[in-house]
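# Remarks on the overall topology
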Amino acid sequence: MGDTLSLEEINQKYPDVLREIGNIGAGNATTAIANMLNLRMNMSVPDVQFIPVEEIGSAIGAEESLVVGIMLGVEADIQGSMMFLLDMPSAHRLVNKLMMRDPEYDADFDEMDLSAIKEIGNIIAGAYLNALSGMTNLTITPTVPSVAIDMAASILSVPAIEFGMTSDSALFIKTEIDDEVGIKGYYILMPEGDSYQKILSSLGLPV
Amino acid sequence: MGQMIKVGMADLKVCKAPDNLTTIGLGSCIGIAMYDPVTKVTGLAHIMLPDSTAIRANSNIAKFADTGIKKLLDDMIKAGASKTRIKAKIAGGAKMFDVGTSNLINVGERNAIASKETLRKLGIKLIAEDTGKNFGRTVEIYSENGDFLIKAVGRESYKI
């Protein structure tokens, strides 16, 4: 490390490249969900955010709002994690759609629902990381996903801590999706250590 | 009626009764509440990581158990608290996800251990704790009586 670029420098120098990573990864993942559920989904222009770790808890909305977080480790040529976050109404709509239930059904998630959410996580992460892998020629494999339903700040403390180990700020590539029935979600890619540098150098960019 | 003052992530604050302190959504982080029952000087720190010496990005001392708790104690003494009377309560340190890249393995547990160790070294008595498990916690410390209220999703609030 040392003479390679810091996260802050990467953010300043390559914002378009980071946005493109979000675009391709999230684009592929969104298509995967849309196909699985037979929905038409829209995706925002990815937002590359360089934020102080102290502010991560409110990065996607109110700190105490209830969200569903699906988290996976990212392994092989790069390390880190990725998270897919859904607000509660969206998570219910997604699961209802997948389980072919009434769209208004909103009882607490049971074991089956939770494994459906995990499966959504698997598909999304697989599609996102495949795209990233195809773009960079790096081998990138996801671990088994884990689901948590809790306050946004508590869930986001996990990436905050992960970034907090090496930096006072976090570099998030955040992409928002929505659809005609109001499913709203966020992808957050969190490479750790020198993984950002590896991604950029594999794209032929000097780091 | 006092104010409820908010402490952010990697942050610490001191107040006096009738004011009280809160921090929202502790996940793997730890909330360390300390109070002096006589002067009613109260402090709350929201630390993220166990050890400032293990990490390069350590300029924010409130981010770490070792440096954050020490600073909280110093600030409380400056505000009129007596070290011999100060008592501590801690909460948080959950394992939010059952997955961890190498870095994140048991960081909640390590935060709890480091917080207790720092309190012990500083000679501050830990009288209650609610750490571990897999859920987030919002905490409130009341200066008047040292009650430490813990709120979690889908659970009744409880005091320790």
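Quick caveat: nothing in here was measured; it's all calculated off a predicted structure.

Further remarks concern the overall build of chain A. Within chain A one finds 6 helices and 8 strands. From first element to last, N terminus to C terminus, chain A shows the α and β order α-α-β-β-β-β-α-α-β-β-α-β-β-α. In summary, chain A has a C-alpha radius of gyration of 17 Å against a globular reference of 17 Å for 207 residues, a match within 12%. Its C-alpha atoms give chain A principal-axis dimensions of about 55 × 35 × 25 Å.

Right, let's talk about the environment of Glu144(B) for a bit. Residue and element names in this part refer to chain B. Here Glu144 is to be found in the loop between strand S8 (137-141) and strand S9 (148-151). Separated by 106 residues in the primary sequence, Glu144 and Val38 have C-alpha atoms spaced 9.3 Å apart. When sequence neighbours within four positions are dropped, the list of residues in contact with Glu144 reads Ala17, Pro18 and Lys40.

Of all hydrophobic cores here, the largest spans 113 residues; its most connected members are Met82(A), Tyr128(A), Ile32(B), Met34(B) and Ile47(B). In terms of residues, this core owes the most to one element, helix H4 (residues 111-136) of chain A, which gives 10 residues.

As a further point, take the confidence of the model for chain A. Of the residues in chain A, 97% reach a pLDDT of 70 or more, and the chain-wide mean stands at 85. When pLDDT is averaged over each helix and strand of chain A, the minimum, 75, is found for strand S7 (residues 169-179) of chain A and the maximum, 93, for strand S6 (residues 146-151) of chain A.

What follows concerns unusual backbone geometry. All names here are of chain B. Residue Pro18 is bonded to the preceding Ala17 through a cis peptide linkage, with omega at 15°. Residue position: Pro18 is located in the loop between strand S2 (11-16) and strand S3 (20-26). Positive phi, close to 60°, is recorded for Lys133, a residue that is not glycine. Taking the C-beta count within 10 Å as the criterion, Lys133 has 13 such neighbours and is therefore assigned partly exposed.

The subject of this paragraph is the packing of helix H1 (residues 65-78) of chain B against helix H2 (residues 107-122) of chain B. Residues and elements named next belong to chain B. It is at 9 Å that the axes of H1 and H2 come closest, and there the two elements cross at 45°. With respect to each other, H1 and H2 are oriented oblique. Considering the relative orientation of H1 and H2, their crossing is right-handed. Residues Ala65, Asp66, Ile69, Lys70 and Leu73 of H1 lie in contact with H2, whose contacting residues are Asn111, Ala114, Ser115, Thr118, Leu119 and Leu122.

Okay, the sheet that holds strand S4 (residues 30-35) of chain B next. Residue and element names in this part refer to chain B. On the basis of which strands lie adjacent, the open sheet formed by 5 strands has the order S2-S5-S4-S6-S7 and mixed pairing. Sheet topology places S2 and strand S7 (125-131) at the edges, where each strand pairs with a single neighbour. Sheet twist, expressed as the mean angle between neighbouring strand axes with direction ignored, is 15°. Most of the contacts of H1 go to strand S5 (residues 41-47), to which it runs at about 165°, and overall it touches S2, S4 and S5.

Between chain B and chain A, the contact holds 31 residues from the first and 34 residues from the second. When residues of the side of chain B that touches chain A are assigned to their parent elements, the largest contribution, 3 residues, is made by S3(B). Here the residues of the side of chain B that touches chain A are counted per class, giving 16 nonpolar, 11 polar and 4 charged.

Further remarks concern the environment of Asp87(A). All names here are of chain A. Relative to the elements of secondary structure, Asp87 occurs in strand S4 (residues 80-87). Judged by C-beta crowding, with 20 C-beta atoms within 10 Å, Asp87 ranks as buried. Between the C-alpha atoms of Asp87 and Lys184, which are 97 residues apart in sequence, the distance is 6.8 Å. Setting aside anything within four residues of it in sequence, one finds Asp87 in contact with Ser65, Val67 and Lys184.

Here the focus is the sheet that holds strand S10 (residues 158-159) of chain B. All names here are of chain B. Taken in spatial order, the 5 strands line up as S1-S3-S8-S9-S10 in an open sheet, and their pairing is mixed. Of all the strands in the sheet, the pair left with one neighbour each is strand S1 (4-6) and S10. Relative to S9, S8 runs antiparallel, the two sharing 4 bridges. Its bridge partner being in S9, Thr138 is matched across the sheet by Lys151.

Basis of the calculations
- Residues numbered from 1 in each chain as written.
- Chains lettered and ligands numbered in written order.
- Predicted model: local features only at pLDDT ≥ 70, side-chain atom pairs only at ≥ 80, totals over all residues.
- Helix = DSSP H or I, 4+ residues; strand = E, 2+ residues; numbered from the N terminus.
- Rg over C-alpha atoms; globule rule 2.2 N^0.38 Å.
- Contact = placed C-beta atoms within 7 Å.
- Core = buried A, V, L, I, M, F, W, Y, C linked by C-beta atoms within 7 Å.
- Buried ≥ 20, exposed ≤ 12 C-beta atoms within 10 Å, placed from the backbone.
- pLDDT = per-residue confidence, 0-100.
- Axes fitted to C-alpha atoms, helices over the stretch in contact; angles between N-to-C directions.
- Parallel < 35°, antiparallel > 145°, perpendicular 65-115°, else oblique.
- Left-handed = near helix turned anticlockwise from the far one by under 90°.
- Pairing = 2+ DSSP bridges.
- Nonpolar A, V, L, I, M, F, W, Y, C, P; charged D, E, K, R; others polar.

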